[in-house]
Amino acid sequence: MGLELKKIVVTGIGVLSPVGLSATEFWTSLVNGRSGAAPITYFDTTDYATTFACELKGFKADDYIDRKSADRMDPYCQYGVIAAEQAIKDSGLDLQSIDPTRIGVVHGSGIGGMTTYDQQFRTYMERGPRRVSPFFIPMLIPDIAAGQISMRSGLMGPNYATASACATSLHAIMDAFMLIQMGMADYMVCGGSEAAITQMGIAGFNAARALSTANDRPEKASRPYDIDRDGFVMGEGGGSLVLETYESAVKRGAKIYAEVAGVAASADAYHLTAPHPEGVGALSAMNTAMRIAGITPDRIDYVNTHGTSTPLGDVAEVQAIKKAFGDHAYKLSISSTKSMTGHLLGAAGVVESVACILALQNQVVPPTINCDNLDPQIDLDVTPNKPKERKIEYALNNGFGFGGHNGCVIFKKAPSL
């Protein structure tokens, strides 16, 4: 039996991704297997081992935010603010009629203002400490997106950031879920954003040998589960969900996208950057999320995996899935949408949650593209290269971060009104 919890539903979604600057564009790209990878345009990559990434295409902050405000936000903050405001608008909430102390924000970033850090450090080195911007610290810190979201919309409920590397925004969703369960808020805006395609960002991940170096074929470089995978592809963007109780959504006639059925977090307690080879922490998170959802493993139909396209990580997660689901693992559809978006680090969990929600709505599993030669260690249905229509009642989303942080959220197909 599951815990006696309120039914929490998603009533608003927002997303800025390398394959679409709205939820509609994002989903269309996923089902058509479009890669967002291309040569980096933000800086000269001549001396870099990796020269490509999944940048936002056609994004201009001025299209969404006034110039003065945008200039005082790092790109990661811009992405978060815009995704959150998309989600709030999509939810149909009338903020003027809601007690502002009853709506909060949990929005995280794995790294924070990397662009601002790069720029201000260069200013410091070239022109000295007195020329560093007074906005340097407020633009850098990873909690400022949550603060900006609340200030721009007047949201006075719980407000803070999560920061757990690539599990960041799944933990934000989990915290938002729990805050409503505890009665500390009636509505929550939750998610994450990241903008680490910078000189130091790419150099740092190259130094850690984490990124793919397939510079001659960037659109083919993110290839989860393929035997020739050689690392992840950096992505950027942001995502946001609006959560509230089912009763509240019904009362105001809101559109309901999905139910947040179960949430969980765990730790590997194993290694600074490598996953536990047997997926112990991932297994714990999946089992706990299913317990909280009050369902048995055979109820899950689709798993949007962490699936970063790293040799160790892909195998460890599949091992954990097989342990969590037993024989049912071979009836699951799994896929990694990172094959198209790249890895959005702290924003990955919420953007991939949007993918799960839209998969439930459309009853379609998005594909894992570039999976041409399946790794023999991986024997599950990874939905290679083409989307698959199938019945999906429950979709599970995994996210794992450096430091051994694990997050898992289970979404259920929207209850009928």
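Before any of the text, the structure's been laid out above.
Summarised in this report is the structure supplied together with it. It should be emphasised that the depicted structure is a prediction, and the values quoted were computed from it without experimental measurement.

Rules used throughout
- Residues numbered from 1 in each chain as written.
- Predicted model: local features only at pLDDT ≥ 70, side-chain atom pairs only at ≥ 80, totals over all residues.
- Heavy atoms only, no water.
- Buried < 20%, exposed > 50% of the residue type's maximum accessible area, 1.4 Å probe, protein only.
- Helix = DSSP H or I, 4+ residues; strand = E, 2+ residues; numbered from the N terminus.
- Pairing = 2+ DSSP bridges.
- Phe/Tyr/Trp six-rings, centres within 6.5 Å; stacked < 30°, edge-to-face > 60°.
- Patch = residues over 30% accessible without salt bridge, like charges linked within 9 Å, V, L, I, M, F, W, Y side chains within 5 Å.
- Areas by Shrake-Rupley, 256 points an atom, 1.4 Å probe, with all protein chains shown as cover.
- Salt bridge = Lys/Arg side-chain N within 4 Å of Asp/Glu carboxyl O.
- Polar contact = N/O pair within 3.5 Å; in protein donor to acceptor, adjacent residues only side chain to side chain.
- Contact = heavy atoms within 4.5 Å.
- Axes fitted to C-alpha atoms, helices over the stretch in contact; angles between N-to-C directions.
- Expected span 1.5 Å × (residues − 1).

A word on the pairing of strand 4 (residues 103-108). The side chains of a regular strand alternate, residue by residue, between the two faces of the sheet. With six of six residues buried, strand 4 is to be regarded as a mostly interior element. In strand 4, alternate side chains face the same way, and those of I103, V105 and H107 on one face and G104, V106 and G108 on the other are all buried. Bridge count between strand 4 and strand 6 (residues 187-194): six bridges; the pairing is parallel. Directly across from G104, in strand 6, lies its bridge partner M188.

Tallied over the full model, the rule gives seven aromatic pairs. Centroid distance F205 to F232: 5.4 Å. Interplanar angle 80°. Geometry classified as edge-to-face. Placement of the pair is F205 in helix 8 (residues 199-207) and F232 in the loop between helix 9 (218-221) and strand 7 (237-245), with a sequence separation of 27 residues. When sorted by exposure, F205 lands in the same class as F232, which is buried. Geometrically, the ring pair formed by F205 and F402 is tilted, given 6.3 Å between the ring centres and 50° between the ring planes. On the criterion of sequence distance, the pair formed by F205 in helix 8 and F402 in the loop between strand 13 (394-401) and strand 14 (405-413) is long-range, its members being 197 residues apart. For F402, a relative accessible area of 36% gives the class partly exposed.

A contiguous nonpolar patch, built from Y117, F121, Y124 and M125 and spanning about 420 Å² of accessible area, is present on the exposed surface. In this structure, Y124 sits in helix 4 (residues 114-127).

For the coordinates displayed, the defined rule picks out 15 salt bridges. It is possible to trace a salt-bridge network through shared partners that takes in R223, D226 and D372.

What follows covers the side chain of N406. Relative to the assigned elements, N406 resides in strand 14. Judged by its relative accessible area of 2%, N406 falls in the buried class. At 3.0 Å, the side chain of N406 forms a polar contact with the side chain of D268.

Before going further, it helps to spend a moment on the environment of M290. Among the secondary structure elements, M290 is positioned in helix 11 (residues 280-293). Distance from M290 to K7, taken between C-alpha atoms, is 15 Å for residues 283 residues apart in sequence. Among residues more than four places away in sequence, those in contact with M290 are I295, P297, I300, A324, F325 and I410.

Within the element layout of this structure, K6 appears in the segment before strand 1 (8-16). Between the C-alpha atoms of K6 and T245, which are 239 residues apart in sequence, the distance is 6.7 Å. Look past the residues within four positions of K6 in its chain and what remains in contact with it is I180, Q181, G183 and T245.

As summarised here, the arrangement of the ten strands in space is 5-4-6-7-1-8-14-13-9-10, forming an open sheet in which the pairing is mixed. Here the strands that pair on one side only, and so sit at the sheet edges, are strand 5 (159-160) and strand 10 (333-335). Judged from the two bridges that link them, strand 4 and strand 5 form a sheet pairing that is parallel. The residue bridging V106 from the neighbouring strand is Y160, located in strand 5. Each of strand 4 and strand 5 touches helix 6 (residues 144-153); the most contacted strand, strand 4, lies at about 150° to it.

Our focus in this paragraph is helix 12 (residues 311-325). Quick reminder: α-helices carry 3.6 residues per turn. Residues three or four places apart thus point the same way. Counted at 1.5 Å a residue, the expected span for helix 12 with its 15 residues is 21 Å, and the 22 Å between its end C-alpha atoms agrees. Those residues of helix 12 that sit buried are D314, V315, A316, E317, V318, A320, I321, A324 and F325. Buried positions along helix 12 lie against helix 11, strand 9 (300-304), strand 10 and strand 13. At the exit of helix 12 stands G326, carrying a positive phi of roughly 60°.

We now examine unusual backbone geometry. Located in the positive-phi region is Y225, a residue other than glycine, with phi close to 75°. Inspection of the secondary structure puts Y225 in the loop between helix 9 and strand 7. Residue classification places Y225 among the buried positions, given a relative accessible area of 0%. A positive phi is found at A269, a non-glycine position, where the angle reads about 50°.

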